[in-house]
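One-letter residues, chain by chain:
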Amino acid sequence: MTETRAVEAWTLEPLERFVAESGARLTLLMTPAGQVLAQHGFMRAVDVMSAAALGAAIVASTGEIARMLDQHEFAALNHQGVQHGIFLGAFDTPRGGLLALVVYGPDSSAGLVQLFFEELARGLVAATPAEEQPKAVLAANFEEELDRSLASLFGR
Amino acid sequence: MSTVFQRVLDNITRVRGVRGAMLVAGEDGLIVAESLMEGVRGNAVAALAASLQKRFRQAMEAAAVGMPHFLHLQGEDGTLIIVPAPDGMLVVAVGAPDMNVGLVRLEMLRAAESIS
Amino acid sequence: MASDIKAMSAELARDPQSVVFLELGEALRRRGQLEAATGVVLGGLEHHSELVEAHDLYARLLVDAGDFRRAQQVWSGVLERSPRHLEAHKGLGFLAFRESDLETALEHLELALAADPTDPSVVRGLQTVRGAAAEAAVETAAETAAAAEEVAGEDRIFAGLEGAEHGLLLMDDRGRVLGGRLLGAQGEDVSDAVAAFLAGAAQEAERTARMLGLGEWRWLVAEGPEGNVYVTPPTAETLLLILRDRSVPSGRLAMLAERAGDVARQWLERQQL
């Protein structure tokens, strides 16, 4: 069984519960800017970074399409493949919006992932710690910040 | 919702004790059509019923009795019934523990037939 | 494949700390280049000693190389870090089976099944080990009358009940057969396979009932083209399954389940005394 790891410790318990209940193979929890808060199932840092960037880009572009159509932003997207499905969902927390990118296999389903995604969102809202001064990610400390995040996500 | 779907679901929910009926995409666990009383979580019923049917299908295949065509889960406080339609859709009903299962079963089998 | 290996080797050469070593090691192992794969994994472990997947891969390489003792140590280490690690339980189950330690093999495979009830290799492994365990039990029974009495006692949990020889099964919530027997359409024993899948199905029934507000689940009836199945938990940790042909109505199954449930509870109580 692969492990669940988090940069932000408060995300760990809701994410572990989500993974156990939904049967998700891979999960990334991130900000709309693509900064990763927690992950489950990824083996390589480069995969996490690529998936986060792509997930954030998909949400940004569909959000833009929704804006052009004068619609509310799409809350979730689902792509069903032959063996695996990909789910991308957005939700609000007291600390701002978050995204979840989920890959699931034939032992789960879009319905189960969506159902427990709602619980994940509720769990994370409840677990959000009290507001603290947001840290600006500056170019100067970006690399250091990234290294720290990857170290947390892969336990090194 | 299509009138055919609405009619078959109405026939099920008309039975006393039934709190909701739905058509569910079996592989995805997503709602196709629903007729639910207030308080019934349609997305949860759809996702869990599909997953339950999938898991029991494996056990029944291992037991060499074939694909289940009727599943009845009895809880202390309620009942869940699942009837797979031939095209992968599921007819699902949820209701009181003492609902008339015989009648519900009949309507659900008819529904499965008519939506195929 | 070769180009993948080349690309991964290049990536690793560029960045010796990259976790690509895992994928590269696995690819080399699949190509049978065990020595090269082992070198890559050991090199990777120098930078990522905490990565349980790397230890798991190393253990599988040790098995490929025939160093079972060392593989066992490595997998045991994996379980210390990650007690529900599926591959480590599967590996240790295999090693124990190889050593004819069926009890340990069963224990690890059941834990593997609990980690992923849908993994078909675990189900197949469990079937094999349980088959071997049953054979061993029969052999032992032939050797000692006392053991024979015990084995026969388990088979006779449902003695006297209708279908006791072919359509009644008592199992624990981890998919382990406790007593009774199920026979398939050709008369083959399907008890272990059904029990393994049913453990996952019963977990799903419990979750469904809980999440939909149906209260505690009492029983489940499933009707198939070749027969009807009735499942109920006689105690919190066990499941009772009754399989009958389609001519037996579900009401009669319920009555039979009630009687069989009483018998199972009494038997379980006796086991705890």
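Everything in this summary refers to the structure shown in the same document. Fair warning: this is a prediction, and the values are worked out from it, not measured in the lab.

As a further point, take the overall build of chain B. Across its full length, chain B holds 3 helices and 5 strands. The secondary structure elements of chain B, listed N-terminal to C-terminal, are α-β-β-α-β-β-β-α. Looking at chain B as a whole, 55% of its 116 residues qualify as buried. Long-range pairs, those at least 24 residues apart, make up 48% of the contacts in chain B with a sequence separation of at least 6. In the structure as shown, chain B presents an accessible area of about 4,700 Å², 51% of it carried by carbon and sulfur atoms.

The next subject is the interface of chain B and chain C. On the chain C side, the residues contacting the 32 residues of chain B number 36 residues. Carbon and sulfur atoms supply 68% of the area buried between chain B and chain C, which totals about 3,000 Å² over both sides. Looking only at chain B, the three residues that lose the most surface to chain C are B:Leu48, B:Arg55 and B:Phe56, adding up to 20% of its buried area. At the junction of chain B with chain C, the criterion picks out 3 salt bridges. Residue C:Glu204 pairs with B:Arg55 through a salt bridge whose shortest N-O separation is 3.9 Å. Our count for the chain B to chain C interface comes out at 13 residue pairs in polar contact (both at pLDDT 80 or more). Within the residue set of the side of chain B that touches chain C, elements represented by two or more residues are α2 (42-62), β3 (70-75) and β4 (79-84) of chain B.

Further remarks concern the nonpolar core. Residues A:Phe18, B:Leu73, B:Leu80, C:Leu198, C:Trp217, C:Leu220 and C:Leu241 are the most contacted members of the largest nonpolar core, which totals 72 residues. When residues of this core are assigned to their parent elements, the largest contribution, 12 residues, is made by α2(B). Contact partners of C:Trp217, with chain neighbours within four places excluded, come to B:Leu73, B:Gln74, B:Gly75, C:Ala202, C:Ala205, C:Glu206, C:Ala209, C:Val231, C:Thr232, C:Pro233 and C:Leu239. Residues C:Val20, C:Leu62, C:Trp75 and C:Leu79 belong to the second largest nonpolar core, which totals 31 residues.

With a phi close to 60°, A:Asp70 is a non-glycine residue in the positive phi region. Considering the arrangement of structural elements, one finds A:Asp70 in the loop between α2 (45-68) and β4 (76-80). Phi at B:Ala64 takes a positive value of approximately 60°, unusual for a residue other than glycine. Structurally, B:Ala64 can be placed in the loop between α2 and β3. When its relative accessible area of 26% is taken as the criterion, B:Ala64 is described as partly exposed.

Residue and element names in this part refer to chain A. Sheet architecture is open: 6 strands sit in the order β1-β3-β2-β6-β5-β4, paired in antiparallel fashion. Bordering the open sheet on either side are β1 (4-6) and β4, each of which pairs with just one other strand. Neighbour-to-neighbour, the strand axes of the sheet open up by a mean angle of 10°, direction not taken into account. As paired elements, strand β2 (residues 24-30) and strand β6 (residues 96-104) share 6 bridges and run antiparallel to each other. Across the sheet, threonine 27 pairs through a bridge with valine 102, a residue of β6. Helix-sheet contacts for helix α3 (residues 110-127) involve β2, β4, β5 (85-93) and β6, and the interaxial angle to β5 is about 25°.

It is worth spelling out the packing of helix α6 (residues 86-98) of chain C against helix α7 (residues 102-115) of chain C at this point. All names here are of chain C. Running from N to C, α6 and α7 point in directions that differ by 160°, and their axes come no closer than 8 Å. Relative to α7, the element α6 lies roughly antiparallel. Here α6 runs over α7; the crossing is left-handed. Along the contact surface, α6 presents Leu86, His89, Lys90, Leu92, Gly93, Ala96 and Phe97, while α7 presents Leu102, Thr104, Ala105, His108, Leu109, Leu111, Ala112 and Ala115. Split by residue class, the contact of α6 with α7 holds 10 nonpolar, 4 polar and 1 charged.

A word on the sheet that holds strand β5 (residues 89-95) of chain B. Ordered by their spatial adjacency, 10 strands build an open sheet running β2(B)-β1(B)-β5(B)-β4(B)-β3(B)-β3(C)-β4(C)-β5(C)-β1(C)-β2(C), and the pairing between neighbours is antiparallel. If you trace the sheet from one side to the other, it starts and ends with β2 (30-36) of chain B together with β2 (177-182) of chain C, each paired once. Averaged over neighbouring strand pairs, the angle between their axes works out to 15° when direction is ignored. In this structure, β3(B) lies alongside β4(B), joined through 4 bridges in antiparallel fashion.

So, on to the environment of C:Gly180. With respect to the helices and strands, C:Gly180 occurs in strand β2. In sequence terms C:Gly180 and C:Leu170 are 10 residues apart; their C-alpha atoms lie 6.0 Å from each other.

What follows deals with the interface of chain B and chain A. Listed per partner, the contact involves 12 residues of chain B and 13 residues of chain A. Taking both partners together, chain B and chain A bury about 830 Å²; carbon and sulfur atoms supply 51% of that area. Run the count over chain B and chain A and you get 0 salt bridges. Across the contact surface, chain B and chain A share 6 residue pairs in polar contact (both at pLDDT 80 or more). Residue classes in the side of chain B that touches chain A are distributed as 4 nonpolar, 3 polar and 5 charged.

On to the packing of aromatic side chains. On inspection of all chains with the given rule, the structure shows 3 aromatic pairs over all chains. Relative to A:Phe117, the ring of A:Phe87 has its centre 5.0 Å away and its plane inclined at 65°; by these criteria the two rings are edge-to-face. Remark: A:Phe117 occurs in helix α3 and A:Phe87 occurs in strand β5; sequence separation between them is 30 residues. Each member of the pair, A:Phe87 as well as A:Phe117, is classed as buried. Ring geometry for C:Trp219 and C:Tyr230: centres 5.6 Å apart, planes at 25°, overall stacked. With C:Trp219 in strand β3 (residues 217-224) and C:Tyr230 in strand β4 (residues 227-232), the pair connects residues that are 11 residues apart, well separated along the chain. Each member of the aromatic cluster is reached from another via a ring pair, and the members are A:Phe87, A:Phe91 and A:Phe117. Here B:Arg105 stacks its cationic end above the ring of B:Phe70, 4.7 Å away from the centre of that ring.

Okay, the pairing of strand β1 (residues 167-172) of chain C next. All names here are of chain C. Most of β1 is tucked away, with 6 of its 6 residues classed as buried. Looking at chain direction, β1 and β2 are connected through 5 bridges and run antiparallel. Pairing of leucine 169 across the sheet is with glycine 180, part of β2. The turn joining β1 and β2, which pair antiparallel and follow one another in sequence, is formed by 4 residues; a positive phi near 85° is taken by glycine 175. In the sheet, β1 pairs with strand β5 (residues 238-244) via 5 bridges, with the strands oriented antiparallel.

Reading guide: rules and limits
- Residues numbered from 1 in each chain as written.
- Chains lettered and ligands numbered in written order.
- Predicted model: local features only at pLDDT ≥ 70, side-chain atom pairs only at ≥ 80, totals over all residues.
- Heavy atoms only, no water.
- Helix = DSSP H or I, 4+ residues; strand = E, 2+ residues; numbered from the N terminus.
- Buried < 20%, exposed > 50% of the residue type's maximum accessible area, 1.4 Å probe, protein only.
- Contact = heavy atoms within 4.5 Å.
- Areas by Shrake-Rupley, 256 points an atom, 1.4 Å probe, with all protein chains shown as cover.
- Buried area = accessible area lost by both parts, 1.4 Å probe.
- Salt bridge = Lys/Arg side-chain N within 4 Å of Asp/Glu carboxyl O.
- Polar contact = N/O pair within 3.5 Å; in protein donor to acceptor, adjacent residues only side chain to side chain.
- Core = buried A, V, L, I, M, F, W, Y, C linked by side-chain atoms within 4.5 Å.
- Pairing = 2+ DSSP bridges.
- Axes fitted to C-alpha atoms, helices over the stretch in contact; angles between N-to-C directions.
- Parallel < 35°, antiparallel > 145°, perpendicular 65-115°, else oblique.
- Left-handed = near helix turned anticlockwise from the far one by under 90°.
- Nonpolar A, V, L, I, M, F, W, Y, C, P; charged D, E, K, R; others polar.
- Phe/Tyr/Trp six-rings, centres within 6.5 Å; stacked < 30°, edge-to-face > 60°.
- Lys NZ or Arg CZ within 6 Å of the ring centre and 35° of its normal.

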